[in-house]
Amino acid sequence: MSAPRKLFIKSYGCQMNVYDSERMSEALASEGYVAAESADDADMILLNTCHVREKATEKIYSELGRFRPLKDAKPDLKIGVTGCVAQAEGAEIFERQPMVDMVVGPQSYHRLPELERKIRAGDRALDTDFPQEDKFDHLPKRSATARGPTAFLTVQEGCDKFCAFCVVPYTRGAEVSRPAGRVVAEARELVARGVREITLLGQNVNAYHGHEDGLAGLIRELAGIDQLARIRFTTSHPSDMTDSLIAAFEEVAKLMPYLHLPVQSGSDMVLKAMNRRHTADQYKRIIERIRQARPDILLSGDFIVGFPGETEADFEDTLALVEEVGYGQSYSFKYSPRPGTPAAELEGVDDAVKDERLQRLQALLIRQQRAAQESMVGRTVSVLFEKPGRLPGQVVGKSEYLHAVHVAGGQAGVGEILPVRIMASNSNSLLGEVSQG
Ligand code: SAH
Ligand code: SF4
Ligand code: F3S
């Protein structure tokens with residue numbers, strides 16, 4: 001028998017791409033592919049791409065350029081582009097990078113085996129349909145190999161919100177929810193393979209409607225799986241934070257006290273121009289209610305500076321909102337005009353102004369992030385240990401607030417959940433000791 005072919009997948013962008021990459025490698029395992037150590041020893045390389053900002057897209061083309069020598073040395077090497085750039089640019093990718101063999105959009109991954117056979121036969125393959133059939137019904141079951149204690153699980157895809165700056169509704173299509181029964185079945189498969197924490201994914205996960213009580217109903221059902229210890233979800237839109245979901249933070253012990261709730265801007269004028277469908281005050285009221293339900297919740301946010309028309313006063317409203325809300329984690333970006341989105345038609349803010357605003361916002365966000373992390377020192381948190389740390393014997397895991405926590409050797413094993421007393425806070429992780437009794 002010939003040696004198995006080797007597959008190297010590199011993921012960019014959001015967690016949904018991480019999940020999709022796993023499902024793609026499982027789909028190609030049926031064609032005899034095993035994981036390659038690196039791009040250098042692969043027979044097929046897939047770049048699972050992100051289109052959300054210009055930089056993300058350009059990174060793909062420079063990465064593809066770097067594969068040129070590999071392809072010259074091994075003409076049989078197949079190169080594919082998947083994900084959101086594939087969906088957005090389609091056949092243009094072949095024009096810009098003729099060595100690419102295959103371009104596959106996010107809704108067509110279940111067709112990878114047949115597309116792979118096509119490119120092996122020497123043809124090019126392009127599939128950026130939004131097919132009628134549900135890819136999840138056609139992908140193989142989750143692979144039986146043992147895996148780490150945490151997993152992503154996509155429950156909802158696509159977005160109907162059409163924020164004026166965002167390509168996601170175009171690259172991922174309309175909102176679709178997977179039926180709760182299927183999600184629960186996949187969760188059980190994961191748990192049977194050693195998973196103890198599941199993060200439910202969706203571009204708009206709290207708009208999930210595959211359960212009669214929405215995402216909250218799904219969470220309550222998943223909480224009934226005995227060996228599943230922790231549940232998280234991301235990313236949420238403020239206008240879909242239902243009462244039932246907020247109540248779940250109080251009532252479902254397995255739902256972790258961490259919420260990523262992007263606001264993008266603190267200015268009502270900018271929020272309106274962005275088509276975000278809520279005001280700064282409405283957002284703050286939602287946060288208040290969530291904090292009533294779960295006072296210790298750690299909040300995370302996304303922010304865009306320099307959206308077209310944003311004035312200094314608008315930007316200061318964003319700083320004020322950040323001061324008032326207080327974020328333990330955050331992601332902030334300079335506005336990047338994206339082809340095909342309404343905001344791309346508007347006159348932009350000067351790049352130097354964007355740079356300066358981003359620096360000011362990040363200085364504040366980093367201060368809050370450090371303070372949140374340092375406030376853990378002296379407290380006892382619960383840690384799910386995920387993998388060996390960098391120092392010999394060290395083990396690293398995540399607290400309920402998603403902080404990375406290291407403990408010295410011999411105190412914990414991967415997959416265990418233990419109380420840890422936090423002794424110190426480093427730049428991006430905490431150091432602790434497992435508490436006895
Ligand atoms: N579905 C999620 C994630 C969308 S993309 C949500 O609604 O929050 C992740 C983040 O990228 C967004 O929250 C936004 O802050 C940022 N983003 C999206 N489009 C952008 C653009 N054109 N320029 C800069 N940042 C952008
Ligand atoms: Fe993009 Fe807005 Fe949809 Fe989020 S809610 S994916 S930012 S359009
Ligand atoms: Fe990027 Fe697509 Fe995710 S554009 S953020 S990879 S949905």
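Bear in mind the structure is a predicted one, so any value in this text is a computation, not a measurement.

> Give me the lowdown on the overall build of the protein chain, citing residues and values where you can.
Summing up its helical and strand segments, the protein chain has 15 helices and 19 strands in all. Relative to the 2.2 N^0.38 estimate, which gives 22 Å for 437 residues, the radius of gyration of the protein chain is 22 Å and therefore close to what a compact globule would have. If you line up the protein chain on its principal axes, its C-alpha atoms span 60 × 60 × 45 Å. Taking contacts inside the protein chain between residues at least 6 apart in sequence as the whole, the part at least 24 apart equals 71%. Carbon and sulfur atoms provide 50% of the accessible area of the protein chain, an area that totals close to 19,100 Å².

> So what's going on with the pattern of salt bridges? Residues and values would help.
This structure, assessed with the given rule, holds 38 salt bridges. The shortest N-O distance in the salt bridge between Lys 71 and Asp 101 comes to 2.7 Å. Of the two residues, Lys 71 sits in helix α3 (residues 68–73) while Asp 101 sits in the loop between α5 (92–96) and β5 (102–104), which places them 30 residues apart along the sequence. The two residues Lys 71 and Asp 101 agree in class, both being buried.

> Please give an account of the site of ligand 1 that cites residues and values.
Arg 53, Gln 203, Gln 264, Asp 302 and Ser 336 are the nearest of the 14 residues found near ligand 1. In this structure, an oxygen atom belonging to ligand 1 sits 2.7 Å away from a side-chain N or O atom of Gln 264. In the model, a nitrogen atom of ligand 1 is placed 2.8 Å from a nitrogen or oxygen of the Ser 336 main chain. Here ligand 1 loses 89% of its free accessible area of 540 Å² to cover by the protein chains. Put simply, the parts of the chain that give the shell around ligand 1 at least two residues each are β13 (298–305) and β14 (329–334).

> Can you explain the sheet that holds strand β16 (residues 395–399)? Please cite residues and give values.
If you walk around this closed barrel you meet the 5 strands as β15-β16-β17-β19-β18, and the pairing is mixed. Strand-to-strand twist of the sheet, defined as the mean angle between neighbouring strand axes without regard to direction, takes the value 50°. With 5 bridges joining them, strand β15 (residues 380–388) and β16 adopt antiparallel strand pairing. Within the sheet, the bridge partner assigned to Val 383 lies in β16 and is Ser 399.

> Account for the packing of aromatic side chains, naming residues and giving values.
As enumerated under the stated definition, the model contains 5 aromatic pairs in all. Relative to Tyr 327, the ring of Phe 303 has its centre 5.1 Å away and its plane inclined at 85°; by these criteria the two rings are edge-to-face. Of this pair, Phe 303 sits in strand β13 while Tyr 327 sits in the loop between α14 (312–325) and β14, and the two are 24 residues apart along the sequence. Relative accessible area serves as the criterion here: at 0%, Phe 303 is assigned to the buried category. Residue Tyr 327 is classed as buried on the basis of its relative accessible area, which comes to 2%.

> I'd like to hear about the sheet that holds β13, residue by residue, with values.
Ordered in space as β12-β13-β14, the 3 strands form an open sheet in which the pairing is parallel. Looking at the sheet topology across the chains shown, the edges are occupied by β12 (258–260) and β14. Sheet twist, expressed as the mean angle between neighbouring strand axes with direction ignored, is 10°. Alignment of β13 against β14, held across 6 bridges, turns out to be parallel. Within the sheet, the bridge partner assigned to Asp 302 lies in β14 and is Tyr 331.

> Got a sec to walk through the nonpolar core? Specific residues and values, please.
By size, the foremost hydrophobic cluster in this structure holds 55 residues, and its most contacted members are Leu 200, Leu 218, Phe 233 and Tyr 327. Phe 233 has contacts with Thr 199, Leu 200, Val 205, Leu 215, Ile 219, Leu 245, Phe 249, Leu 255 and Leu 259, leaving out every residue within four places of it along the chain. Within the second largest apolar cluster, 23 residues are counted, among which are Ala 39, Cys 50, Val 81 and Val 100.

> Which residues make up the pairing of strand β17 (residues 404–407), and what are the values?
Residues Ala 404 and His 406 line one face of β17 and the alternating positions Val 405 and Val 407 line the opposite face, and both faces are buried. Where β16 hands over to β17, the hairpin turn is made up of 4 residues, of which Leu 402 adopts a positive phi near 75°. Direction of pairing for β17 relative to strand β19 (residues 430–434): parallel, over a ladder of 3 bridges. Within the sheet, the bridge partner assigned to Val 407 lies in β19 and is Gly 432.

> How would you sum up the packing of helix α13 (residues 280–293) against α14? Please name residues and give values.
It is at 11 Å that the axes of α13 and α14 come closest, and there the two elements cross at 10°. When the axes of α13 and α14 are compared, the pair comes out roughly parallel. On the side of α13, the interface is formed by Ala 280, Tyr 283, Lys 284, Ile 287 and Arg 291, while α14 contributes Leu 321, Glu 324 and Val 325. The residue inventory of the contact of α13 with α14, partitioned by class, reads 5 nonpolar, no polar and 3 charged.

Scoring rules and cut-offs
- Residues numbered from 1 in each chain as written.
- Chains lettered and ligands numbered in written order.
- Predicted model: local features only at pLDDT ≥ 70, side-chain atom pairs only at ≥ 80, totals over all residues.
- Heavy atoms only, no water.
- Helix = DSSP H or I, 4+ residues; strand = E, 2+ residues; numbered from the N terminus.
- Rg over C-alpha atoms; globule rule 2.2 N^0.38 Å.
- Contact = heavy atoms within 4.5 Å.
- Areas by Shrake-Rupley, 256 points an atom, 1.4 Å probe, with all protein chains shown as cover.
- Salt bridge = Lys/Arg side-chain N within 4 Å of Asp/Glu carboxyl O.
- Buried < 20%, exposed > 50% of the residue type's maximum accessible area, 1.4 Å probe, protein only.
- Near = heavy atom within 4 Å.
- Polar contact = N/O pair within 3.5 Å; in protein donor to acceptor, adjacent residues only side chain to side chain.
- Pairing = 2+ DSSP bridges.
- Axes fitted to C-alpha atoms, helices over the stretch in contact; angles between N-to-C directions.
- Phe/Tyr/Trp six-rings, centres within 6.5 Å; stacked < 30°, edge-to-face > 60°.
- Core = buried A, V, L, I, M, F, W, Y, C linked by side-chain atoms within 4.5 Å.
- Parallel < 35°, antiparallel > 145°, perpendicular 65-115°, else oblique.
- Nonpolar A, V, L, I, M, F, W, Y, C, P; charged D, E, K, R; others polar.

Geometry only, nothing functional implied.
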